[in-house]
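An overview of the molecular structure
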Amino acid sequence: MDVQRIMEHLPHRYPFLLVDRVVEIEGTKRLVGIKNVTMNEPQFTGHFPVKPIMPGVLIIEALAQCTGLLAMESQPEEVPENSIYYFVGIDKARFKRVVVPGDQLRMEVEFIKSKRSIWVFSAKATVDGELAASAEIMCTAREI
């Protein structure tokens, strides 16, 4: 899935669209997305000027965007066109490695379960095979 297809599913745009490409999708179960981290991104002017580091909250947001792509691409009947996919919760968030400009963030999300229109996903972000962050992410779709 290229960035054009991603933008058909997600309402986010620069500088908040945090998924550049989807490289794997397994039905309703799993999705792998890529984020190329570049020095040109606005967060690096202030986080931190002497040593740019991608904020952990943006890594989690990128993972949440991947869960939205998995839901919207694999279950369009569950996420109607006139709805927005909301990030509603996070558990077990852990940060293991800093992410810096020049890194390629590989984000893998896996569907765990759904209950009362809340979907739960296991998510992890890696750089060069090394774990950068992981979390359990909860999301839901709501009509606009």
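Structure shown above.
Let us look at the structure shown here. Treat the numbers as computed from the prediction; the structure is a model and nothing was measured.

Thresholds, definitions, all that
- Residues numbered from 1 in each chain as written.
- Predicted model: local features only at pLDDT ≥ 70, side-chain atom pairs only at ≥ 80, totals over all residues.
- Heavy atoms only, no water.
- 1 Å grid on protein atoms, 1.4 Å probe; cavity = no way out; pocket = protein on both sides within 12 Å on 5 of 7 lines; lining within 4 Å.
- Points joined across faces, edges and corners; volume = space filled by probe spheres on them.
- Helix = DSSP H or I, 4+ residues; strand = E, 2+ residues; numbered from the N terminus.
- Nonpolar A, V, L, I, M, F, W, Y, C, P; charged D, E, K, R; others polar.
- Phe/Tyr/Trp six-rings, centres within 6.5 Å; stacked < 30°, edge-to-face > 60°.
- Buried < 20%, exposed > 50% of the residue type's maximum accessible area, 1.4 Å probe, protein only.
- Pairing = 2+ DSSP bridges.
- Axes fitted to C-alpha atoms, helices over the stretch in contact; angles between N-to-C directions.
- Contact = heavy atoms within 4.5 Å.
- Salt bridge = Lys/Arg side-chain N within 4 Å of Asp/Glu carboxyl O.

**Here we look at the layout of surface pockets**
Roughly 280 Å³ of volume is contained in the largest pocket. Around the largest pocket, the lining comprises 14 residues; the ones closest to its centre are Glu 8, His 9, Met 72, Pro 80 and Glu 81. Of all elements in the fold, only α1 (3-9), α2 (56-74) and β3 (83-95) reach the threshold of two or more residues within the lining of the largest pocket. Residues that form the lining of the largest pocket fall into these classes: eight nonpolar, two polar and four charged.

**Description of the packing of aromatic side chains**
A full pass over the atoms with the stated rule returns two aromatic pairs. Between Tyr 85 and Trp 119, the ring centres sit 5.7 Å apart and the planes meet at 40°, which makes this aromatic pair tilted. Residue Tyr 85 is located in strand β3, and its partner Trp 119 is located in strand β5 (residues 118-127); the two are separated by 34 residues in the primary sequence. Side by side, Tyr 85 and Trp 119 carry an identical accessibility label, which is buried. Taken together, a centroid distance of 5.9 Å and an interplanar angle of 75° make the contact between Phe 111 and Phe 121 edge-to-face. Of this pair, Phe 111 sits in strand β4 (residues 104-115) while Phe 121 sits in strand β5, and the two are 10 residues apart along the sequence.

**With respect to the sheet that holds β3**
Reading across from one edge, β1-β2-β4-β5-β6-β3 is the order of the six strands in this open sheet, with antiparallel pairing throughout. The sheet is open, and its two edges are formed by β1 (21-26) and β3, each paired on a single side. Pairs of neighbouring strands in the sheet enclose a mean axial angle of 25°, with direction left out of account. Sheet strands in contact with α2 are β1, β2 (30-36), β3, β4, β5 and β6 (130-143), and its direction is about 130° off that of β3.

**Some words on unusual backbone geometry**
Residues Tyr 14 and Pro 15 are joined by a peptide bond in cis, for which omega reads 5°. Mapped onto the elements, Pro 15 comes out in the loop between α1 and β1. The amide bond that connects His 47 to the next residue, Phe 48, takes the cis arrangement and shows omega of -10°. Along the chain, Phe 48 turns up in the loop between β2 and α2.

**Concerning the environment of Leu 131**
Mapping Leu 131 onto the fold places it in strand β6. Leu 131 sits in the partly exposed class, given a relative accessible area of 32%. Note: C-alpha distance between Leu 131 and Leu 105 (26 residues apart in sequence) is 9.8 Å. The residues contacting Leu 131, other than those within four sequence positions of it, are Lys 96, Arg 97, Lys 124, Ala 125 and Thr 126.

**Looking at the pattern of salt bridges**
The full count for this structure, using the stated rule, is 11 salt bridges. The shortest N-O distance in the salt bridge between Lys 92 and Glu 136 comes to 3.7 Å. Of the two residues, Lys 92 is situated in strand β3 and Glu 136 in strand β6; the sequence distance between them amounts to 44 residues. For Lys 92, a relative accessible area of 59% translates into the label exposed. Arg 97 is the partner of Asp 103 in a salt bridge, and the nearest nitrogen-oxygen pair spans 3.2 Å. Three or more residues are tied together by salt bridges with common partners; here these are Glu 24, Glu 26, Arg 30, Arg 106 and Glu 108.

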